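# Examining the three-dimensional arrangement
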Amino acid sequence: MRAVLCGCGAMAKGWLKAIAETPEIRSAVVIAGLVDVNPAAAKALADEFGLANAVIGSDLADVLEKTSAEIVFDVVIPSARHDVVGTALVHGCHVLSEKPMAASIEAGRSLIAQAEAAGKVHAIVQNRRFISGIRRIRRLVESGALGELTAIHCDFFIGAHFGGFREEMDNVLLLDMAIHTFDAARFVADKVPVAVYCHESNPRGSRYAHGAAANAIFEFSDDVTFTYRGSWCAEGANTSWESQWRIIGTKGTLLWDGADEFKAGVIAGSEGFFRPIEAIDVPQAANEAQTHGHASVIADFLAAIRTGAKPETVSSDNINSLAMVFAAIESARTRQRVTL
Ligand SMILES: NC(=O)c1ccc[n+]([C@@H]2O[C@H](COP(=O)([O-])OP(=O)(O)OC[C@H]3O[C@@H](n4cnc5c(N)ncnc54)[C@H](O)[C@@H]3O)[C@@H](O)[C@H]2O)c1
């Protein structure tokens, strides 16, 4: 299949690296074009990845016509996404977009409708649910070893110095980063988000224009609570990019540091102020192929085009994660509990 990659900035390198390093994807996809409003960025990317035959341009429609592409990989900044995806669909392309899938819920709904009308696959890169740790904790929760799930608590604290679009955007942490953890929590819990109360701030000393920190309490279906505490300007003790997790069930608790460390314990007796606890193992991911971040999402998207099955992060499902973000933003704005 012929693909055009639109948006040749920092993340585009991650995509091209994932494609180059994954034989199954490399053999299925040709990067036929590279598009950026700054064509020099597209040219530099072509040089770096040896894509000498790729058509370079600044106008997506023009490059799609020249390449007869069937796929658009959308790696532009969020504010440009709606136009890029719309153009790709009008040209009969399947689209895999970076997160967040849209800059508003209305824009997200309109893209879902456009993709459905065009009969094309439209999926979103939520690479942080396609990693070993998240697959392992989902499997543990599913197994029932912790009993019935009652709560998920995530902490995300990173002093991050990006520069670029993030420093100017509103609600930067919720919209550009927390969506990963919200999506992963929705996946691990396998529940429906029902309501949220969120306090958002831009802490003293922040390098960002707006919303570099947020504290949210979500109500999920079946009385499951999900809390998120996050900041992009918390210097001195970074957590993992995946957040630090505490998952509580009726029988026990799992701690995950967001990297390699898991600690799970369940009740092993019925006596005592503190009940005796026994350690339990966290199972490996059920499917190793689903643990390679971007490469796994791209492979899932290509398989969906081939087989007609829905990709795991199809836009019509991913909008539920986006809805968590916008409900949190609305709650922070109004200082009220918001239902989803
Ligand atoms: N999944 C992840 O882990 C992850 C990590 C980082 C970034 N991202 C996402 O990737 C996207 C891009 O982020 P980035 O860090 O690469 O940003 P970036 O600013 O480094 O790159 C974006 C590129 O898009 C180009 N662009 C902007 N408008 C365009 C348009 N209308 N048509 C063509 N090109 C256009 C810019 O010129 C720039 O080269 C964002 O949605 C971001 O949230 C995802």
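Look a little higher up for the structure.
Okay, so let's go over this structure.

Rules behind the numbers
- Residues numbered from 1 in each chain as written.
- Predicted model: local features only at pLDDT ≥ 70, side-chain atom pairs only at ≥ 80, totals over all residues.
- Heavy atoms only, no water.
- Pairing = 2+ DSSP bridges.
- Helix = DSSP H or I, 4+ residues; strand = E, 2+ residues; numbered from the N terminus.
- Axes fitted to C-alpha atoms, helices over the stretch in contact; angles between N-to-C directions.
- Contact = heavy atoms within 4.5 Å.
- 1 Å grid on protein atoms, 1.4 Å probe; cavity = no way out; pocket = protein on both sides within 12 Å on 5 of 7 lines; lining within 4 Å.
- Points joined across faces, edges and corners; volume = space filled by probe spheres on them.
- Nonpolar A, V, L, I, M, F, W, Y, C, P; charged D, E, K, R; others polar.
- Domains from an automatic or database assignment.
- Buried < 20%, exposed > 50% of the residue type's maximum accessible area, 1.4 Å probe, protein only.
- Polar contact = N/O pair within 3.5 Å; in protein donor to acceptor, adjacent residues only side chain to side chain.

## Regarding the sheet that holds strand 6 (residues 122-125)
Sheet architecture is open: six strands sit in the order 3-2-1-4-5-6, paired in parallel fashion. Taken across any chain shown, the strands that pair with only one partner, and hence form the sheet edges, are strand 3 (55-57) and strand 6. With direction set aside, neighbouring strand axes in the sheet form an average angle of 20°. Alignment of strand 1 (residues 2-6) against strand 2 (residues 30-35), held across five bridges, turns out to be parallel. Across the sheet, the residue bridging to Leu5 is Leu34, located in strand 2. With respect to the sheet, helix 9 (residues 294-307) is in contact with strand 4 (71-74), strand 5 (94-98) and strand 6, its orientation differing from that of strand 5 by roughly 160°.

## Remarks on the layout of surface pockets
Estimates place the volume of the largest pocket at around 810 Å³. Every residue lining the largest pocket is counted, 36 residues in all, and those nearest its centre are Met11, Val75, Val76, Ile77 and Phe165. Broken down by secondary-structure element, the contributors of at least two residues to the lining of the largest pocket are helix 1 (10-21), helix 4 (60-67), helix 5 (81-90) and helix 8 (172-189). The dominant element in the lining of the largest pocket, judged by the number of residues it contributes, is helix 5, at four residues. A class-by-class count of the residues in the lining of the largest pocket yields 20 nonpolar, seven polar and nine charged. Mapping the lining of the largest pocket onto the domain boundaries places at least three of its residues in each of domain 1 (2-120) and domain 2 (128-286 + 322-339). Of the voids in this model, the second largest pocket is the one considered here, and its volume is about 230 Å³. Lining the second largest pocket are 14 residues, and of these Glu116, Lys120, Val121, Lys310 and Val314 sit closest to its centre. Listed by contribution, the elements that provide at least two residues to the lining of the second largest pocket are helix 6 (105-118) and helix 10 (315-334).

## Some remarks on the side chain of Arg166
Topologically, Arg166 is positioned in the loop between strand 7 (149-157) and helix 8. Take Arg166: its relative accessible area is 18%, and that puts it in the buried class. A polar atom in the side chain of Arg166 sits 2.5 Å from the side chain of Asp176. Discounting chain neighbours no more than four positions away, the residues touching Arg166 are Val172, Asp176, Tyr208 and Trp232.

## Section: the sheet that holds strand 9 (residues 213-220)
Taken in spatial order, the nine strands make up an open sheet running 14-13-12-11-7-10-9-8-15, and their pairing is mixed. The open sheet has two free edges, formed respectively by strand 14 (277-280) and strand 15 (338-339), since each of these has just one partner strand. Where strand 11 (residues 244-249) and strand 12 (residues 252-256) come together, four bridges link them in antiparallel fashion. Opposite Arg246, over in strand 12, you have Leu255 as the bridge partner. Against the sheet, helix 7 (residues 132-143) touches strand 7, strand 11, strand 12, strand 13 (262-267) and strand 14, its axis set at about 175° to strand 12. Helix 8 contacts strand 7, strand 8 (193-201), strand 9, strand 10 (224-231) and strand 11 of the sheet and is inclined by roughly 150° relative to strand 10.

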